[in-house]
Amino acid sequence: MPHKLRQPMMVANWKMHKTVTQTAEFLARLRKLQAGGNHNGSGGACFVVVAPPFPSIPAAVEAVKGADIAIAGQNLHWAPEGAYTGEVSGPMLAAAGCTYVIVGHSERRHGLGETDEMIHKKVRAALAAGLTPIVCVGETQEQRSGNETEIILRYQFERAFWGMSAEDLRRSVLAYEPVWAIGTGNTATPDIAEGAHRFLRRCAAGIFGPEAAAGFTILYGGSIKPSNIRALLEHPDVDGGLVGTASLEPDSFASLVQAGAKSVASPSA
Ligand code: PEP
């Protein structure tokens, strides 16, 4: 089942961490912890997504059977199949049981040369495969210092969703991940995050209309921890988190999920 409109969401991005066995152990523990929280009487109050490395996806899908936890790929190729050594396609992820996929993470943009054009093709490929793309955008420290944040965010957003429909937007999730905050311990202040989310929502409204923008889920990512999540979620345009380091321990991730469950989404456009 996909997330509901502006439902609080917490996404664990494990990056290149966790073997098959560690994946099964983590998810068994998370399910135990979830049994004690994250409920509002109609399933999980906070929508939970876990993105393991590719080899652990089948174990993850098996481990979450009957639970309110969705599984995501961390990347996909834009072609459905072909001579692309080392790549994985959208239909392959969907067939393996994934329903979400992370696209355009800054570690791929900046470390592996992923371009806005490639990211655009990946968003299209994810949607064509029936997956929800979690599309990452964000400025570097240099761009922020040079007052270029809004130019960069608008450009990355517009390129990723170029030529798409309001329905495509509704089926997607955006993650604002300032590059200077990822894995550094330097979380964006809640005001910086809210300002960027509000700006991105305005960009979405300009292209897809206010209704589509108001329903668009925008996550924050960058050194989220149990100690800072509540302040971030208090802001109305922050719908949840994309979490790296703090998602590697089930207790820490569960406490983020609980914070999401307690937050009240109050959509704005
Ligand atoms: C991420 O990888 O998307 C991320 C936000 O990492 P961290 O939480 O470690 O900053």
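Please read all numbers here as calculations on a predicted model, not as lab measurements.

Engineer: An account of the packing of helix α1 (residues 20-35) against helix α12 (residues 250-262) is needed here, citing residue identities and associated values.
Structural biologist: The N-to-C vectors of α1 and α12 enclose an angle of 40°; their axes lie 9 Å apart at closest approach. In terms of their interaxial angle, α1 and α12 are classed as oblique. Every pair of crossing elements has a handedness; the one defined by α1 and α12 is right-handed. Residues F26, R29, L30, L33 and Q34 of α1 pack against P250, D251, F253, A254 and V257 of α12. Partitioning the contact of α1 with α12 into residue classes produces seven nonpolar, one polar and two charged.

Engineer: Tell me about the pairing of strand β8 (residues 240-243), residues and numbers included.
Structural biologist: The alternating pattern of β8 places G240 and L242 on one face and G241 and V243 on the opposite face, and all of these are buried. Bridge count between strand β1 (residues 9-13) and β8: four bridges; the pairing is parallel. When the bridges of β8 are listed, V11 appears paired with L242. Looking at chain direction, strand β7 (residues 217-221) and β8 are connected through two bridges and run parallel. Directly across from Y220, in β8, lies its bridge partner G241.

Engineer: If you had to explain the packing of aromatic side chains to someone new, which residues and values would you point to?
Structural biologist: The relation between two aromatic rings is expressed through the spacing of the ring centres and the mutual angle of the planes. For the structure shown, the criterion picks out seven aromatic pairs. With centroids separated by 5.2 Å and ring planes inclined at 40°, the aromatic side chains of F157 and F161 adopt a geometry described as tilted. Note on F161: relative accessible area 2%, which makes it buried. Judged by centre distance (6.3 Å) and plane angle (55°), the rings of Y176 and Y220 are tilted. Pair noted here: Y176 is in strand β6 (residues 173-176) and Y220 is in strand β7, with a separation of 44 residues, a long-range link. Residue Y176 shares its accessibility class with Y220, and that shared class is buried. Taken together, F157, F161, F208 and F216 form an aromatic cluster joined through their ring pairs.

Engineer: Which residues make up the confidence of the model for the protein chain, and what values do they have?
Structural biologist: Overall, the predicted model of the protein chain reaches an average pLDDT of 94, with 94% of residues at or above 70. The low-confidence segment residues 39-43 (pLDDT under 50) makes six contacts with residues lying over four places distant or belonging to another chain. Across residues 265-269 the pLDDT falls below 50, and counting only partners more than four positions away or on other chains, this stretch makes 13 contacts in the model.

Engineer: Please give an account of the site of the ligand that cites residues and values.
Structural biologist: Looking at the ligand, there are 14 residues lining it, with K15, E177, G183, S223 and T245 nearest. Here an oxygen atom of the ligand sits 3.4 Å away from a polar atom, N or O, in the side chain of N13. Side-chain polar atom of T245 to an oxygen atom of the ligand: 2.6 Å apart, as the coordinates give it. For the ligand, whose accessible area on its own is 290 Å², the fraction buried by protein is 99%. Residues that form the shell around the ligand fall into these classes: four nonpolar, eight polar and two charged.

Engineer: I'd like to hear about the pairing of β6, residue by residue, with values.
Structural biologist: Alternating residues of β6 divide into V173 and A175 and L174 and Y176, and every residue in both groups is buried. Pairing of strand β5 (residues 132-137) with β6, which is carried by four bridges, proceeds in the parallel orientation. Pairing of C136 across the sheet is with A175, part of β6.

Engineer: Pulling in residues and values, what's your account of the layout of surface pockets?
Structural biologist: The calculated volume of the largest pocket comes to roughly 600 Å³. Lining the largest pocket we find 31 residues, and of these M1, P2, H3, F47 and Y100 sit closest to its centre. Taken together, the elements giving at least two residues each to the lining of the largest pocket come down to β2 (47-51) and β3 (69-73). Of all the elements, β3 adds the most residues to the lining of the largest pocket, at three residues.

Engineer: A description of unusual backbone geometry should follow, citing residues and the corresponding values.
Structural biologist: Most peptide bonds adopt trans geometry, and most residues besides glycine take a negative phi value. At K18, a position not held by glycine, the phi torsion is positive, near 90°. Phi angles above zero are rare outside glycine, and N147 is one such case at about 55°.

Engineer: Before we move on, can you summarise the pattern of salt bridges with the specific residues and values?
Structural biologist: For the structure shown, the criterion picks out 15 salt bridges. For R170, the salt bridge goes to E167, with nearest N and O atoms at 2.7 Å. In this pair, R170 and E167 both sit in helix α8 (residues 166-170), three residues apart, roughly one turn of the helix. We classify E167 as partly exposed; its relative accessible area is 39%.

Scoring rules and cut-offs
Residues numbered from 1 in each chain as written. Predicted model: local features only at pLDDT ≥ 70, side-chain atom pairs only at ≥ 80, totals over all residues. Heavy atoms only, no water. Axes fitted to C-alpha atoms, helices over the stretch in contact; angles between N-to-C directions. Helix = DSSP H or I, 4+ residues; strand = E, 2+ residues; numbered from the N terminus. Parallel < 35°, antiparallel > 145°, perpendicular 65-115°, else oblique. Left-handed = near helix turned anticlockwise from the far one by under 90°. Contact = heavy atoms within 4.5 Å. Nonpolar A, V, L, I, M, F, W, Y, C, P; charged D, E, K, R; others polar. Buried < 20%, exposed > 50% of the residue type's maximum accessible area, 1.4 Å probe, protein only. Pairing = 2+ DSSP bridges. Phe/Tyr/Trp six-rings, centres within 6.5 Å; stacked < 30°, edge-to-face > 60°. pLDDT = per-residue confidence, 0-100. Near = heavy atom within 4 Å. Polar contact = N/O pair within 3.5 Å; in protein donor to acceptor, adjacent residues only side chain to side chain. Areas by Shrake-Rupley, 256 points an atom, 1.4 Å probe, with all protein chains shown as cover. 1 Å grid on protein atoms, 1.4 Å probe; cavity = no way out; pocket = protein on both sides within 12 Å on 5 of 7 lines; lining within 4 Å. Points joined across faces, edges and corners; volume = space filled by probe spheres on them. Salt bridge = Lys/Arg side-chain N within 4 Å of Asp/Glu carboxyl O.

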